[in-house]
Amino acid sequence: MAAAEESAAQLTGGCPIVIDMVGDLTRNVDEVEYDPRHVSIGPYHRIRNPALARDGEKFRSLRAVLSAASADMKLEVYLGELARLEDRARRCYAHSFDDFGSEEFLRMLLLDGCYLLTRFGGAVEAGRRRNGAATANGHAQGAYHGGGSSAAAGGADKLEAVAVVRDVFYLAENQIPFFIVEKIHQLTVLDGGASAADDIAEFVRKLLRKQQYSVAKPAVGPAPGPGNLLHLVHMHFRPSVPLYPTGSKVTGGQVGRWRTAAEYHFAGVKLRSRPLGSNGARCILDVKLDSGGGVLEIPCLSIDAETWRLLRNLVALEQRNPEATGSHVTAYCVFMSQVACTHIDVELLSRRGIIVHGLGNDGEVARCFADLCKGVVFSPDDPSCNYLKTACQTLEKRFRSRPRRWMAWLGQKYFRNPWLAIGLAAAAVGLVCTVVQAVYSVLSYRQAAR
């Protein structure tokens, strides 16, 4: 029982992340990106859409957890331990939920926490190994734990697994505090071992690596640890290295909007794809600009049906918790929403391998980018919020340089085609010869006149 009686100092502190409803200005752009479709976690959508509570599945998860726990770990013990955390859990929500009585609130936390653990945590497996049990009350484990299982063999199971991942990991409103999940894990696995954060973080790393969003391995514990599952995902999205080389100058001037990719291309900026896992790039936020501002490297963004949902909810998380999370994802989304806001930009970035998508056309992708940050509050002039500020200033300076734009125009118009380049060189030689001939003719005439 030593682990179950962990000190109150570790489990009853403040909540690192506040869970709140997404603001109307942002939500109204595309409301479905913030709502669960398969299962509700936490109070917000349990109230708004009771049909998504799926208490039948969650009771099966609860039975699986109880069967994996030691014999003296009864339901009353779990409820008693969670009751000690109720006030802290309520403080993690922006709303008080006065209509939720204590018993109902604790029941929700226990059911949701058990559901998440049996889907993605290792508590049930650890309990089975300790107890020598082959099954946990017949409860099938989730398809995504440990990289997949036979439960996802059928098409329906795979669709359900994808829907569960989307609802519990990607939605800002559909969350419970992570210390609830951790506490249930500790009560179930009394002999130590990996924490719930470590088990679930391993799944998140595999998921994000497969989707080519991040290859980072952030530390997820001990305190403060993740605030909820979306925050755990967010911990994998941080710029890994300084954007600009050491010794660069960050000016205090104001930052305007980014130019489009086509405009930077016209100004002679080379746009390149930056592979993850090489040269320090660990996630899609690792944009790199060379010291002269002539080469902009952007990690490839592979766009699928869930990309916009993930980015929008990560931004919503940062909007509500700027001090705890920073604004790096918001800065990246502002950057992409302005650089790739027309179909011409998306087409150019696709040719460069920076954007990969399977949507209907480039215009559809551009519209999604253009709407990505509507209703978002962001300060581009604050370096602590905008890690791309220096890059924006450097690229703007290069864009405003007329000689460089002229040289870039000549290079793009004439020097890409070797025959045009040869013709232009021949014309230049002919012009020089003509000028020399004219000079000699004038000089000869003046000498003859004397």
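None of these values were measured; they are calculated from a predicted model.

1. Notes on the overall build of the protein
At step 1: Within the protein, the secondary structure is distributed over 21 helices and 5 strands.
At step 2: Of all 450 residues assigned to the protein, the portion counted as buried reaches 49%.
At step 3: Considering only contacts in the protein between residues 6 or more positions apart, those separated by 24 or more positions represent 74%.
At step 4: Just so you have it, the protein exposes about 21,000 Å², and 55% of that area is on carbon and sulfur atoms.

2. Re the packing of helix α5 (residues 75–84) against helix α10 (residues 178–188)
At step 1: In contact at an axis separation of 11 Å, α5 and α10 are set at 145° when each is read in the N-to-C sense. Our pair here, α5 against α10, has a crossing hand that is right-handed. Across the interface between the two elements, Tyr78, Glu81 and Leu82 of α5 pack against Ile180, Lys183, Ile184, Leu187 and Thr188 of α10.
At step 2: Residue classes in the contact of α5 with α10 are distributed as 5 nonpolar, 1 polar and 2 charged.

3. Let's talk about the nonpolar core
At step 1: Grouped together as the largest cluster of nonpolar side chains are 108 residues, with contacts concentrated most on Phe169, Phe237, Tyr332, Phe335 and Phe369.
At step 2: Sort the elements by how many residues they give to this core and helix α7 (residues 102–120) lands first, with 11 residues.

4. Concerning a nonpolar patch on the surface
At step 1: Together, Leu431, Val432, Val435, Val436, Val439, Tyr440 and Leu443 make up a nonpolar patch on the protein surface, roughly 650 Å² of accessible area in all.
At step 2: When you line up the elements, Val436 lands in helix α21 (residues 418–449).
At step 3: Using a relative accessible area of 39% as the deciding quantity, one classes Val436 as partly exposed.

5. A closer look at the sheet that holds strand β1 (residues 270–274)
At step 1: Here 3 strands make up an open sheet; going across it, the order is β1-β3-β2 and the pairing mixed. At either end of the open sheet lies a strand with only one pairing partner, and these are β1 and β2 (288–289).
At step 2: Strand direction decides the pairing type here: β2 and strand β3 (residues 295–299), joined by 2 bridges, are antiparallel. For Leu289, the partnering residue across the bridge sits in β3 and is Leu296.

6. Side note on α5
Two residues of an α-helix separated by three or four positions point the same way, owing to the 3.6 residues in each turn.
At step 1: What α5 keeps buried is the set Tyr78, Glu81 and Leu82. Summarising the axial view, the buried residues of α5 lie within an arc of 100°, below the 170-degree limit, and thus occupy one face.
At step 2: Tucked into the core, α5 has its buried residues touching α4 (55–68), α6 (86–91), α7 and α10.

7. Observations concerning α10
At step 1: α10 sits mainly inside the fold: 11 of its 11 residues count as buried.
At step 2: What α10 keeps buried is the set Phe178, Phe179, Ile180, Val181, Glu182, Lys183, Ile184, His185, Gln186, Leu187 and Thr188.

8. Quick look at unusual backbone geometry
At step 1: Backbone geometry places Arg54, a non-glycine residue, at a positive phi of 50°.
At step 2: Considering the arrangement of structural elements, one finds Arg54 in the loop between α3 (43–48) and α4.
At step 3: Overall, the relative accessible area of 30% leaves Arg54 in the partly exposed class.
At step 4: The backbone phi angle of Gln212 is positive, close to 60°, even though this residue is not glycine.
At step 5: Residue placement: Gln212 occurs in the loop between α11 (196–210) and α12 (229–234).
At step 6: Overall, Gln212 belongs to the partly exposed group, its relative accessible area being 44%.

9. Looking at the environment of Thr260
At step 1: Relative to the helices and strands, Thr260 resides in the loop between α12 and α13 (261–266).
At step 2: It is 6.2 Å that separates the C-alpha atoms of Thr260 and Ala340, two residues lying 80 residues apart in sequence.

10. Describing the confidence of the model for the protein
At step 1: In this model, the protein carries an average pLDDT of 82, and 78% of its residues clear a pLDDT of 70 or more.
At step 2: Note that residues 1–13 has pLDDT below 50 and, in this model, 28 contacts with residues that lie over four places away or in other chains.
At step 3: Predicted confidence is poor over residues 133–153, with pLDDT under 50, and the contacts of this stretch with residues over four places away or in other chains come to 45 contacts.

11. Here we look at the pattern of salt bridges
At step 1: Applying the stated criterion across every chain yields a total of 20 salt bridges.
At step 2: The partner of Arg90 in a salt bridge is Glu86, with the nearest N and O atoms 3.0 Å apart. With Arg90 and Glu86 both in helix α6 and 4 residues apart, the pair spans about one turn of that helix.
At step 3: Two residues, Lys374 and Asp371, come together in a salt bridge whose shortest N-O distance is 2.9 Å.

12. Quick word on the side chain of Ser214
At step 1: Among the structural elements, Ser214 can be located in the loop between α11 and α12.
At step 2: Classification of Ser214 by relative accessible area gives buried; the value is 2%.
At step 3: Within the structure, the side chain of Ser214 is placed 2.9 Å from the backbone oxygen of His236, a separation counted as a polar contact.
At step 4: Of the polar contacts made by the side chain of Ser214, one reaches the backbone oxygen of Arg282; its length is 3.4 Å.

13. Describing the packing of aromatic side chains
At step 1: Applying the stated criterion across every chain, the model contains 11 aromatic pairs.
At step 2: Judged by centre distance (5.6 Å) and plane angle (85°), the rings of Tyr93 and Phe97 are edge-to-face.
At step 3: The exposure class assigned to Tyr93 is buried, which follows from its relative accessible area of 5%.
At step 4: Residue Phe97 is classed as buried on the basis of its relative accessible area of 11%.
At step 5: Taking the centre distance of 6.3 Å and the plane angle of 85° together, the rings of Phe100 and Phe105 count as edge-to-face.
At step 6: Assessed through its relative accessible area of 7%, Phe100 is described here as buried.
At step 7: Looking at Phe105, the relative accessible area reads 0%, which means it is buried.
At step 8: Among the aromatic residues, ring-to-ring pairing joins Tyr44, Tyr93, Phe97, Phe100 and Phe105 into one connected group.

Criteria and thresholds
- Residues numbered from 1 in each chain as written.
- Predicted model: local features only at pLDDT ≥ 70, side-chain atom pairs only at ≥ 80, totals over all residues.
- Heavy atoms only, no water.
- Helix = DSSP H or I, 4+ residues; strand = E, 2+ residues; numbered from the N terminus.
- Buried < 20%, exposed > 50% of the residue type's maximum accessible area, 1.4 Å probe, protein only.
- Contact = heavy atoms within 4.5 Å.
- Areas by Shrake-Rupley, 256 points an atom, 1.4 Å probe, with all protein chains shown as cover.
- Axes fitted to C-alpha atoms, helices over the stretch in contact; angles between N-to-C directions.
- Left-handed = near helix turned anticlockwise from the far one by under 90°.
- Nonpolar A, V, L, I, M, F, W, Y, C, P; charged D, E, K, R; others polar.
- Core = buried A, V, L, I, M, F, W, Y, C linked by side-chain atoms within 4.5 Å.
- Patch = residues over 30% accessible without salt bridge, like charges linked within 9 Å, V, L, I, M, F, W, Y side chains within 5 Å.
- Salt bridge = Lys/Arg side-chain N within 4 Å of Asp/Glu carboxyl O.
- Pairing = 2+ DSSP bridges.
- Arc of directions from axis to C-beta.
- pLDDT = per-residue confidence, 0-100.
- Polar contact = N/O pair within 3.5 Å; in protein donor to acceptor, adjacent residues only side chain to side chain.
- Phe/Tyr/Trp six-rings, centres within 6.5 Å; stacked < 30°, edge-to-face > 60°.

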